[in-house]
Each structure stands twice: as structure tokens, then as C-alpha cells.
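The primary structure of each chain is shown beneath.
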Amino acid sequence: MTDVPITYAPSQSRENKKEPAMSYATKLDRPQRMKSRADQARLCRRITFVTACMLVPVVIGRRLMRSKNTPGPRDRTSVFMEARADAGAIIPWIFMG
């Protein structure tokens, strides 16, 4: 073991220091919270739009590389809708860490 003496001092109880859960949410009044949600929705739409724009060339390339003799039904969705769907599938993976 060690030769250094260790002294333990009692700390203050944590009961006095407790804050209510989610205290920040109670500080915001309703219009501020709604504005925050609107800001989050706007940011989500922007991220989806930018990601979909970057995926349009990928979708076009994927369609061009697909053989005409590939069995199965042809894809009737637009390139932009397919890029948006791909963006919706990719965006959660970006923020997972």
C-alpha cells in the first residue's frame, strides 16, 4: 500500500444541491419553445436539402450503371425523390457519432 496518510472529510449532502430535472425547459416559455422547434424543423429541412443535392449525381450514376437487361420492374420515381429518400436514410447515420 502507500505510506501517504489519506484523510477523508465528509462532503456536503447532495440533497441540498439537487436541481429539478430539465430545469432549462421550465425557463423557456411556450413561444420560445415553439420557436425552437420551428428552428429545428427548418435546420432539418436544410440538412435534407443539401444532402439530397449532393446525392443527385450519385443517383444518376447508379441509374446509368444499371443494365437495361436487369430483371425486375423499372424504377418510376424521379431522380430528386430518390435522392431525397437516400438523404433521409443517410442523415441519421451522420449524427450517430
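Thresholds, definitions, all that
- Residues numbered from 1 in each chain as written.
- Predicted model: local features only at pLDDT ≥ 70, side-chain atom pairs only at ≥ 80, totals over all residues.
- Heavy atoms only, no water.
- Core = buried A, V, L, I, M, F, W, Y, C linked by side-chain atoms within 4.5 Å.
- Buried < 20%, exposed > 50% of the residue type's maximum accessible area, 1.4 Å probe, protein only.
- Helix = DSSP H or I, 4+ residues; strand = E, 2+ residues; numbered from the N terminus.
- Contact = heavy atoms within 4.5 Å.
- 1 Å grid on protein atoms, 1.4 Å probe; cavity = no way out; pocket = protein on both sides within 12 Å on 5 of 7 lines; lining within 4 Å.
- Points joined across faces, edges and corners; volume = space filled by probe spheres on them.
- Nonpolar A, V, L, I, M, F, W, Y, C, P; charged D, E, K, R; others polar.

> What exactly am I supposed to notice about the nonpolar core here?
Generally speaking, soluble globular proteins have nonpolar side chains that are buried together. With 7 residues, the main nonpolar core is built from Ala52, Leu55, Val56, Val59, Ala83, Ala87 and Ile91. Mapped onto this core, the elements with two or more residues apiece are helix H2 (30-65) and helix H3 (79-94). If one sorts the elements of this core by residue count, H2 sits on top with 4 residues. Setting aside its immediate chain neighbours within four residues, Val56 contacts Val79, Phe80 and Ala83.

> Explain the layout of surface pockets to me, please; I cannot follow it from the model alone.
Gaps left between atoms show up when a probe the size of a water molecule is rolled over them. Put simply, the largest pocket is a space of about 160 Å³. Considering the residues around the largest pocket, the lining is formed by Arg63, Leu64, Arg66, Ser67, Lys68, Arg74 and Asp75. By residue class, the composition of the lining of the largest pocket is 1 nonpolar, 1 polar and 5 charged.

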